[in-house]
Amino acid sequence: MKKALLYILILIVGVFIGILITLRNTQGLLSTIYSGVNRNSGGNKISELYDVLDKQYVDSIDINKIDEATVAYALMQLDPHSSYIPKEDLEEANEQLNGSFSGVGIQFNIQKDTIYIIDVIPGGPAERAGMLAGDRIVTVDDSVFVGKTINNEKVFKKLRGVKGTKIKLGVVRRNEKEMLNFTLRRDDIPVNSVNAAHIISDGIGYVSISSFGQNTYSETMTALAKVKKQGAKSVIIDLRGNAGGYLEAAVNILNEFLKRGDLIVYIEGRAYKRTDFNANGTGSFQDMKVAVLIDEFSGSASEIFAGAIQDNDRGLVIGRRSFGKGLVQQPYRFKDGSEARITIARYYTPSGRCIQKPYSNGDRSDYDVELWNRFIHGEFYNADSIHQNDTVKYKTVKGRTVYGGGGIMPDVFMPRDTVGLTASFNYLVNHALLYQFAIQYTDTYRKELKQYKNWKDLENYLKSQNLVQELTVYAESQGAKLSPREMSISYKLIERYIVSYIVRNMLTEDDFYHILNLNDKTVQMAIKQLR
């Protein structure tokens, strides 16, 4: 049980990184954040202190370093989503939303202290140079780049850079006796926010959106057009784990589903007058049935999306209560290139709900463990354990009662699936052994696996192999102590994850979701409801 709790805690900690990706200025509507700020005489204390320190402190000091800490601490005294981002971290913070970065175009994993290439991005510099999945990068610009100190952050800093700049990579390739050298010129690499788009059942399409970024609207339109062309009359929009992003992206996609005049969302703040966003009636999917999937890690723009569908009675929301982020941030860029993201307003769903969960300014301790408390109280498993403020009632377009004050409550609750979960399975997940084994298996049998061109054939082949037994041997060689009884209980779950990882390594992310969704109870419930 302790390991299961640890697994959930790791997931919860991870979401806050995504939740802090805040909403950007939408269509030029948000005004300068410092206009109208009340500055009393006490506001000069910081300047006075700096002057005293500069003139009288016993040692020389770095005022800039103190300045950074002061700004960061000051913003922490506000709401949980106002934040400070240093210049050196800003590019990475914006990358997922901006839609691209400049790099070499590889997906990698660090295995045995070496950069292992899982896949090369089609059309990217690495593919054009002839690099292949399975290659191992051992030198960068003629310097050895392996060892225990290598981590993802260091790899990103080495491989990414200014568009057009050159980088030389030394690569070890299976069955090649000598190291191969590649000189690449960095180029724009797309960051996709739509993970999957396919027909999941007769007449039902499936589209998974991981975030709402700069290119999400165009990617989603392409995905919806694809499934519609393949015969979809209904669609499942999967927003589970989607921490949010740009408001504008969510609004534009919702416009495709709603009728002319339907309210999508409105924004209002102390110094920011109410602004409504309404559908303009030009949407291409106004008659397509919709089911939206959410969970406790769906936040911000994802909640706007689910709330608009729910409040307009446009479709069903299925899953678990969403995160509960209803605050709007605007960026303020400092002269040194750093950025403050300051909450200027709240957003409200069409019924008038602000789904922001409770918080206290300057006290983030309770806020940061709120998801953990949901888990402890049993909310992930039982709808009766959900503590919503039932005094804050609102009505949908057709008169259904919905509640504010803490996330979007789905129309159909789906508990977290515990079938096959054991301490041994959690150990394999927490120590990344499932993932690492899939990489090693792919690398070893790549030639054999290449003959299977679609996920169904590859899945059938992999299920005929003794994958779980091979995994067990591999895991124990890495120091794992697995229970035979627990491995038997988790057998099908473990096999499904291994197969899906190998399929993703050999084929595409879309194929990966095909396999995962076969036994996903929330997806299967959506299919049932849409039928």
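On a predicted model such as this, the values are computed, not experimentally measured, just so you know. (Residues numbered from 1 in each chain as written. Predicted model: local features only at pLDDT ≥ 70, side-chain atom pairs only at ≥ 80, totals over all residues. Heavy atoms only, no water.)

## Points about a negative patch on the surface
The test is simple: Only residues whose relative accessible area exceeds 30% and that form no salt bridge enter a patch; like-charged residues are grouped when within 9 Å of one another, and nonpolar side chains (Val, Leu, Ile, Met, Phe, Trp, Tyr) when within 5 Å. All accessible-area figures derive from a Shrake-Rupley calculation using a 1.4 Å probe, and residue coverage is judged against the displayed protein chains alone. The working definition used for a salt bridge is a side-chain nitrogen of Lys or Arg within 4 Å of a carboxyl oxygen of Asp or Glu. Charged-residue counts in this description rest on Lys and Arg as positive and Asp and Glu as negative, His and the chain ends being excluded. To locate a charge, take NZ of a lysine, CZ of an arginine, CG of an aspartate or CD of a glutamate. In this description a helix means any DSSP run of H or I spanning at least four residues, a strand means any run of E spanning at least two, and both kinds are numbered starting from the N terminus.
Among the surface-exposed residues, Glu88, Asp89, Glu91 and Glu92 lie close enough to one another that they form a single negatively charged patch. Mapped onto the elements of the fold, Glu88 is located in helix H4 (residues 87-98).

## Regarding the side chain of Thr349
Stated formally: Pairing of N or O atoms within 3.5 Å defines a polar contact, subject to two protein rules: one partner must be a possible hydrogen donor and the other a possible acceptor, and residues neighboring in sequence count only if both atoms are side-chain atoms. It only takes one pair of heavy atoms within 4.5 Å for two residues to be counted as in contact.
Considering the arrangement of structural elements, one finds Thr349 in the loop between strand E18 (339-348) and helix H10 (365-368). Polar contacts involving the side chain of Thr349 include one to the side chain of Asp311, which spans 2.6 Å. Here Thr349 is in contact with Tyr266, Gly307, Asp311, Ile355 and Ile408, once residues within four sequence places are set aside.

## Section: the confidence of the model for the protein
Rules: Known as pLDDT, the predictor's per-residue confidence is scaled from 0 to 100.
Looking at the protein, the pLDDT average stands at 88 and 91% of residues meet or exceed 70. Segment residues 1-42 is flagged for pLDDT under 50; beyond a separation of four residues in sequence, or across chains, it makes 86 contacts in the model.

## Focus on the packing of aromatic side chains
Our working rule: Only rings of Phe, Tyr and Trp enter the pairing, Trp through its six-membered ring, and a pair is recorded when the two centres are within 6.5 Å. The plane angle decides the type: under 30 degrees is stacked, over 60 is edge-to-face, the rest tilted. Any residue under 20% of the maximum accessible area for its type is buried, any over 50% is exposed, and the rest in between are partly exposed; the area is computed with a 1.4 Å probe on protein chains only. Lysine and arginine charges are scored as sitting over a ring when NZ or CZ, respectively, is within 6 Å of the ring centre and within 35 degrees of the ring normal.
Taken as a whole, this structure holds 22 aromatic pairs when the rule is applied. On the basis of an interplanar angle of 70 degrees and a centroid distance of 5.6 Å, the ring pair of Phe108 and Phe156 is categorised as edge-to-face. Here Phe108 is found in strand E3 (residues 106-111), whereas its partner Phe156 is found in helix H6 (residues 152-159), with 48 residues between them in sequence. Classification of Phe108 by relative accessible area gives buried; the value is 17%. On the accessibility criterion, Phe156 (29% relative accessible area) is partly exposed. Site record: aromatic cluster; members linked through ring pairs are Tyr206, Phe425, Tyr435, Tyr497, Tyr501, Phe512 and Tyr513. In this structure, Arg160 packs its charged tip against the face of Phe101, placed 4.1 Å from the ring centre. The ring of Tyr266 has Arg274 sitting right over it, with the charged end atom 3.5 Å from the ring centre.

## As for the pattern of salt bridges
Throughout the structure, instances matching the rule amount to 27 salt bridges. Among the ionic pairs, Arg173 bridges to Asp135, the shortest N-O distance being 2.8 Å. In this pair, Arg173 is assigned in the loop between strand E7 (166-172) and strand E8 (180-185) and Asp135 in the loop between helix H5 (125-129) and strand E5 (136-140), connecting sequence segments 38 residues apart. With a closest N to O distance of 3.4 Å, Glu153 and Lys157 form a salt bridge. Placement of both Glu153 and Lys157 in helix H6 is noted, with a separation of 4 residues, approximately one turn of the helix. A residue is classified by how much of its surface remains accessible, and Glu153, at 49% relative accessible area, is partly exposed.

## Topic: the environment of His387
Assignment of secondary structure puts His387 in the loop between helix H11 (370-376) and strand E19 (393-395). Sequence-wise, His387 and Arg374 are 13 residues apart; in three dimensions their C-alpha atoms are separated by 8.7 Å. Apart from the residues within four sequence positions on either side, His387 is in contact with Arg321, His377 and Glu379.

## Examining the pairing of strand E14 (residues 272-278)
The test is simple: Strand pairing is assigned whenever DSSP identifies at least 2 bridges connecting the two strands.
As paired elements, strand E13 (residues 263-269) and E14 share 5 bridges and run antiparallel to each other. Residue Ile267 lies in a different strand from E14, and its bridge partner there is Thr275. Where E13 hands over to E14, the hairpin turn is made up of 2 residues, counted between the paired strands.

## Re the nonpolar core
The nonpolar side chains of a soluble globular protein tend to be buried with one another. Convention followed: In this text, buried Ala, Val, Leu, Ile, Met, Phe, Trp, Tyr and Cys residues form a nonpolar core when linked through side-chain atoms within 4.5 Å.
Counting 47 residues, the largest nonpolar core has Ile236, Leu428, Leu462, Ile494 and Ile502 as the members making the most contacts within it. Contact partners of Ile236, with chain neighbours within four places excluded, come to Ile200, Ile204, Gly205, Tyr206, Val207, Ala291, Leu293, Val523, Ala526, Ile527 and Leu530. Core analysis: the next-biggest nonpolar cluster, separate from the first, contains 46 residues, Ile237, Leu254, Phe285 and Ile309 among them.

## Quick word on unusual backbone geometry
Excluding glycine, residues mostly carry a negative phi; peptide bonds, for their part, are mostly trans. Its identity is not glycine, yet Asp113 carries a phi of approximately 65 degrees, on the positive side. Its place among the elements puts Asp113 in the loop between E3 and strand E4 (114-120).

## What about the sheet that holds strand E12 (residues 234-238)?
Spelled out, the test is: Every axis corresponds to a line fitted to the C-alpha atoms, with the helix fit spanning only the stretch in contact, and the corresponding angles, defined between N-to-C directions, vary from 0 to 180 degrees.
The mixed open sheet is built from 6 strands, whose spatial order is E10-E11-E12-E15-E16-E21. Of all strands in the sheet, those with a lone pairing partner are strand E10 (194-201) and strand E21 (412-413), marking the two edges. In this structure, strand E11 (residues 204-209) lies alongside E12, joined through 5 bridges in parallel fashion. When the sheet's bridge partners are listed, Ile204 is paired in E12 with Ser234. Set on the sheet, helix H9 (residues 301-311) makes contact with E12, strand E15 (289-294) and strand E16 (316-319); between it and E15 the angle comes to about 135 degrees. Seen against the sheet, helix H20 (residues 521-530) touches E10, E11, E12, E15, E16 and E21 and runs at an angle of roughly 160 degrees to E15.

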